[in-house]
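Structural overview for review
Spelled out, the chains give:
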Amino acid sequence: MIDKAHLLNSKQMAEFVARGFLRFDELVPDEINDKVMRDIDNNAIKGSPAGTPLSQCYQGSAIREMLDLPQIQGLIQSLVGADPLFDHDAIHVREPNEGKAQGLHADSIIDLRSHFDIQIMYFPHDVPLEMGGTLLLPGSHFRKVNEADIAAYQNMRGQIPMVCKAGSVLALHHGIWHCGRQNRTNRRRYMFKLRLNPAVRQMRLWNTDDLDQGYRDHQEIFIGRRGRDNVQDILSQREPWFEEASGRLEIVNRIKLWRFLTGDEAFDVHYWLTRLENMPA
């Protein structure tokens, strides 16, 4: 069992619920980064059959060293449990001055589950803006789409390019909209992606010691507030691309996922979901 200090806290979980991703900069040490890039060049990274427990995958490899880091173990356990199931992996290599960017997409068909998979995206070297990297649209994971049906959309307000230092990691909800951007440098770009399925009910898997302190009365919260003081603040934030009329719907979807993750069926923000549930006999 991983030490509680390496698990996510409630504010981080709320950020994941609200935005569909968490970012960890320079998490993996250079020694492992260098080994992983050598393994990529030597075609030495081998996955496992879908449904294999993650603990049985990548034995004796540099990827196993990366996955065994306490911080990586902690974020995985917090989101999908201590020993989730391997779904698939992918080694994305962008050649120098590659002429075409990837279309925006979600790595999923339309999927209505409250349970979610995560995708770990690991960047073993520095990724400057001109190298492209992964681009993602925060908060898009509740917009259920079928794979590349959104490929025609470009330049969404609030999109984030993954400009980062070596050893940085993204943990993504499987429904997040993202794409690989064009590499305009003279160097190859590497990214390792791993999709994991939960093998346990996803309820209070993180460090919940701060959960009660993360709440405040909904009447004290004002839409548009930019604070990140607590769970209510975090779940209330609008993304720049939200349409004026639909921002409330996005927050209701966050409330539903937070209830699922905490088991707290009374939780609400702005009374928005409780109002919809009012059906007197």
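Scroll up a little and you will see the structure.
Since this is a predicted model, take the numbers as computed values, not measurements. (Residues numbered from 1 in each chain as written. Predicted model: local features only at pLDDT ≥ 70, side-chain atom pairs only at ≥ 80, totals over all residues. Heavy atoms only, no water.)

With respect to the pattern of salt bridges
Summed over all chains, the structure comprises 16 salt bridges. Residues lysine 4 and aspartate 209 are paired through a salt bridge, measuring 3.4 Å at the closest nitrogen-oxygen approach. Residue lysine 4 is found in the segment before α1 (10-19), and its partner aspartate 209 is found in the loop between β8 (189-197) and α5 (231-236); the two are separated by 205 residues along the sequence. In this structure lysine 4 comes out as partly exposed when scored by relative accessible area, which is 43%. Of the charged contacts, one joins aspartate 111 and arginine 113 as a salt bridge, the two residues approaching to 2.9 Å between their closest N and O atoms. Using a relative accessible area of 14% as the deciding quantity, one classes aspartate 111 as buried. Counted as one network, the salt bridges with shared partners bring together Asp87, Asp111, Arg113, Asp117 and Arg195. (Salt bridge = Lys/Arg side-chain N within 4 Å of Asp/Glu carboxyl O. Helix = DSSP H or I, 4+ residues; strand = E, 2+ residues; numbered from the N terminus. Buried < 20%, exposed > 50% of the residue type's maximum accessible area, 1.4 Å probe, protein only.)

Quick look at the packing of aromatic side chains
Inspection of every chain in the model, using the stated rule, returns seven aromatic pairs. Ring geometry for tyrosine 58 versus phenylalanine 192: centroids 6.1 Å apart, planes at 80°, classification edge-to-face. Placement of tyrosine 58 in the loop between α2 (30-41) and α3 (62-67) and of phenylalanine 192 in strand β8 is noted, with a sequence separation of 134 residues between them. In this structure, tyrosine 58 and phenylalanine 192 share a single accessibility class: buried. When the centroid spacing of 6.3 Å and the interplanar angle of 55° are considered together, the rings of tryptophan 258 and phenylalanine 267 count as tilted. (Phe/Tyr/Trp six-rings, centres within 6.5 Å; stacked < 30°, edge-to-face > 60°.)

So, the environment of proline 96
For proline 96, the location among the structural elements is in the loop between β2 (85-94) and β3 (118-123). You can call proline 96 partly exposed: its relative accessible area is 31%. Separated by 145 residues in the primary sequence, proline 96 and tryptophan 241 have C-alpha atoms spaced 32 Å apart. With sequence-adjacent residues up to four places away left out, proline 96 is seen in contact with Asn183, Thr185, Asn186, Arg187 and Arg188. (Contact = heavy atoms within 4.5 Å.)

A look at a negative patch on the surface
On the surface, Glu26, Asp30, Asp34 and Asp126 cluster together into a negatively charged patch. In this fold, aspartate 126 is placed in the loop between β3 and β4 (134-137). (Patch = residues over 30% accessible without salt bridge, like charges linked within 9 Å, V, L, I, M, F, W, Y side chains within 5 Å. Areas by Shrake-Rupley, 256 points an atom, 1.4 Å probe, with all protein chains shown as cover. Lys, Arg positive; Asp, Glu negative; His and termini not counted. Charge placed at Lys NZ, Arg CZ, Asp CG, Glu CD.)

Overview of the environment of glycine 74
Secondary-structure assignment places glycine 74 in helix α4 (residues 70-80). Taking relative accessible area as the criterion, glycine 74 reaches 0% and is therefore assigned buried. Linking glycine 74 and valine 231, residues 157 residues apart in sequence, is a C-alpha distance of 20 Å. For glycine 74, the residues in contact, after removing those within four places along its chain, are Ile2, His6, Leu7 and Leu8.

What to know about the nonpolar core
Core analysis: the largest hydrophobic core is formed by 56 residues, its most contacted members being Leu75, Leu79 and Trp258. When residues of this core are assigned to their parent elements, the largest contribution, seven residues, is made by helix α6 (residues 247-262). Other than its neighbours up to four places away in sequence, leucine 75 contacts His6, Leu8, Phe24, Leu27, Ile120 and Ala171. By size, the runner-up hydrophobic cluster in this structure holds 12 residues, among which are Phe123, Met131, Leu136 and Leu172. (Core = buried A, V, L, I, M, F, W, Y, C linked by side-chain atoms within 4.5 Å.)

Observations regarding the side chain of aspartate 107
Its location among the elements puts aspartate 107 in the loop between β2 and β3. Under the relative-accessibility criterion, aspartate 107 is labelled buried at 16%. In this structure the side chain of aspartate 107 is engaged in a polar contact, spanning 3.1 Å, whose partner is the side chain of histidine 105. (Polar contact = N/O pair within 3.5 Å; in protein donor to acceptor, adjacent residues only side chain to side chain.)

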